Amino acid sequence: MLRIDQYTDVFIDYLNTKIKTREPKNLYDPILYILQLGGKRLRPVLTLMAADIFESDYKKALDAALAVEVFHNFSLVHDDIMDDAPLRRGKETVHEKWDINTGILSGDAMLINAYQLFENYDGETFRNLAKLFSKTAIEVCEGQQYDVDFETRDDVTLPEYLKMIEYKTAVLVGAALKMGAVVANASESNCNKIYDFGRDLGIAFQLQDDYLDAFGDPKTFGKQVGGDIIENKKTFLYLTALEKLEPAHSIQLSHLYSINPQDPSGKIETVKQLFIESGAAEAIQNEIELYTNKALNTLEELEVKGEKKQILREFAQALMRRKV
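Residues numbered from 1 in each chain as written. Predicted model: local features only at pLDDT ≥ 70, side-chain atom pairs only at ≥ 80, totals over all residues. Heavy atoms only, no water.

Draft legend 1. Structural detail: the overall build of the protein chain. When helices and strands are counted, the protein chain shows 16 helices and two strands. Here the C-alpha atoms of the protein chain give a radius of gyration of 20 Å, agreeing with the 20 Å that 2.2 N^0.38 yields for 324 residues. On the principal axes, the C-alpha backbone points of the protein chain span a range of 60 × 50 × 35 Å. Partitioning the intrachain contacts of the protein chain with sequence separation of at least 6 by distance along the chain shows that 71% fall at a separation of at least 24. (Helix = DSSP H or I, 4+ residues; strand = E, 2+ residues; numbered from the N terminus. Rg over C-alpha atoms; globule rule 2.2 N^0.38 Å. Contact = heavy atoms within 4.5 Å.)

Draft legend 2. Region of the structure containing the environment of N73. Residue placement: N73 occurs in helix α4 (residues 62–83). Each C-alpha atom, one on N73 and one on L37, is 9.9 Å from the other, the two residues being 36 residues apart in sequence. The residues touching N73, leaving out its near neighbours within four places in the chain, are I34, L35, R89 and M110. There is a polar contact of 2.8 Å between the side chain of N73 and the backbone oxygen of E69. (Polar contact = N/O pair within 3.5 Å; in protein donor to acceptor, adjacent residues only side chain to side chain.)

Draft legend 3. Up close: the packing of aromatic side chains. According to the stated counting rule, one finds nine aromatic pairs in the structure shown. Look at Y7 and Y58: their rings are 5.5 Å apart centre to centre, the planes differ by 85 degrees, and that puts the pair in the edge-to-face class. With Y7 in helix α1 (residues 4–18) and Y58 in the loop between α3 (42–53) and α4, this residue pair connects regions lying 51 residues apart in the sequence. The burial state of Y7 is the same as that of Y58; both residues are buried. An angle of 80 degrees between the planes, with centres 4.6 Å apart, marks the rings of Y115 and F133 as edge-to-face. (Phe/Tyr/Trp six-rings, centres within 6.5 Å; stacked < 30°, edge-to-face > 60°. Buried < 20%, exposed > 50% of the residue type's maximum accessible area, 1.4 Å probe, protein only.)

Draft legend 4. View of the side chain of D80. Note that D80 resides in helix α4. Exposure remark for D80: the relative accessible area of 4% places this residue in the buried category. Aside from chain neighbours lying at most four places away, what touches D80 is A85, R88, T93 and H95.

Draft legend 5. Seen up close, a negative patch on the surface. Together, D83, D84, E92, E96, D149, E151 and E231 line one region of the surface with negative charge. Among the structural elements, D149 can be located in helix α7 (residues 123–150). Judged by relative accessible area, which is 31%, D149 ranks as partly exposed. (Patch = residues over 30% accessible without salt bridge, like charges linked within 9 Å, V, L, I, M, F, W, Y side chains within 5 Å. Areas by Shrake-Rupley, 256 points an atom, 1.4 Å probe, with all protein chains shown as cover. Salt bridge = Lys/Arg side-chain N within 4 Å of Asp/Glu carboxyl O. Lys, Arg positive; Asp, Glu negative; His and termini not counted. Charge placed at Lys NZ, Arg CZ, Asp CG, Glu CD.)

Draft legend 6. Quick look at unusual backbone geometry. Between E23 and the following residue, P24, the backbone shows a cis peptide bond with an omega angle of -5 degrees. Along the chain, P24 turns up in the loop between α1 and α2 (25–35). Positive phi values are uncommon outside glycine, yet R89 reaches one of about 55 degrees. A residue is classified by how much of its surface remains accessible, and R89, at 32% relative accessible area, is partly exposed. Even without glycine at this site, N185 takes up a positive phi of about 55 degrees.

Draft legend 7. Local environment of empty space enclosed by the protein. Following the criterion strictly, the structure yields two cavities of 30 Å³ or more and no others. Of the volumes computed, that of the largest cavity is approximately 90 Å³. Every residue along the wall of the largest cavity is listed here: L42, R43, L46, V173, L201, G202, F205, F315 and L319. By residue class, the composition of the lining of the largest cavity is seven nonpolar, one polar and one charged. If you add up the space inside the second largest cavity, you get close to 30 Å³. D210, D213, A214, D228, I229, T235, L237, Y257 and F275 are the residues that line the second largest cavity. Going through the elements one at a time, α9 (188–215) and α11 (227–230) are the ones with two or more residues in the lining of the second largest cavity. When residues of the lining of the second largest cavity are assigned to their parent elements, the largest contribution, three residues, is made by α9. Here the residues of the lining of the second largest cavity sort into five nonpolar, one polar and three charged. (1 Å grid on protein atoms, 1.4 Å probe; cavity = no way out; pocket = protein on both sides within 12 Å on 5 of 7 lines; lining within 4 Å. Points joined across faces, edges and corners; volume = space filled by probe spheres on them. Nonpolar A, V, L, I, M, F, W, Y, C, P; charged D, E, K, R; others polar.)

Next up, the structure:
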């Protein structure tokens, strides 16, 4: 087994050999641009790790890992259009650098490119990868639609929110791991268990992101702290606080989520205080721990060598200690 940074380096080298400028440039240059913007590369690294864990040459999983990364970035291109986002990873978004039509078309091409990468596997592996990919892709779309719907709904529940982040974020983490297992010809039981491990870890990851968005250190978080509050996003923190606050404070929180002041600093501080006073800040940390432990318990059921489980265990624990 390699270290995380070694898998990352191998993947980036492979990515750079595969993505090259070609004609028509206005279709392919935006793809090259978004894929070279960086990011954590967590999902493709998990695909390589999973193949290695199940006693396969991790390099056989490079095309599956690339498919995961291309699909993830495709979803970001289209999400940025839907959110009218000006920046992605500190740089201009594709639709801002080019235009909306280019963003849509280049995103479509990326989705097709992701499917094409599975053609490099034999029939049985191809079928299993494509089936998993199709299921995951439609769930990601469903998760995005739930997220959009929540913007105009005042009756979003915590179970609905958890389902939304499971579909929008966590299923792709689970799929990334399961693809590595599929390439390694792991048993159906192991394939399903490593998927469940990844999905629960993905939910914990997104909840941790929600927490850091409100309470992270601006110097290390990498994004504007309080961004979800500014955008009035109905996160776990907001929904829990709304449920637990006294009626007067609950009304105050609802009001704060209906306004967009030119200087949001006062709004952010008041909302954060309400998150703390209501117990929502503590509740989300408990929920993060719950899903992390759920993932780790599933990990124990995997039929692989103990030292290989330890690598995933350390990865999960490091992910939950992150500040960015």
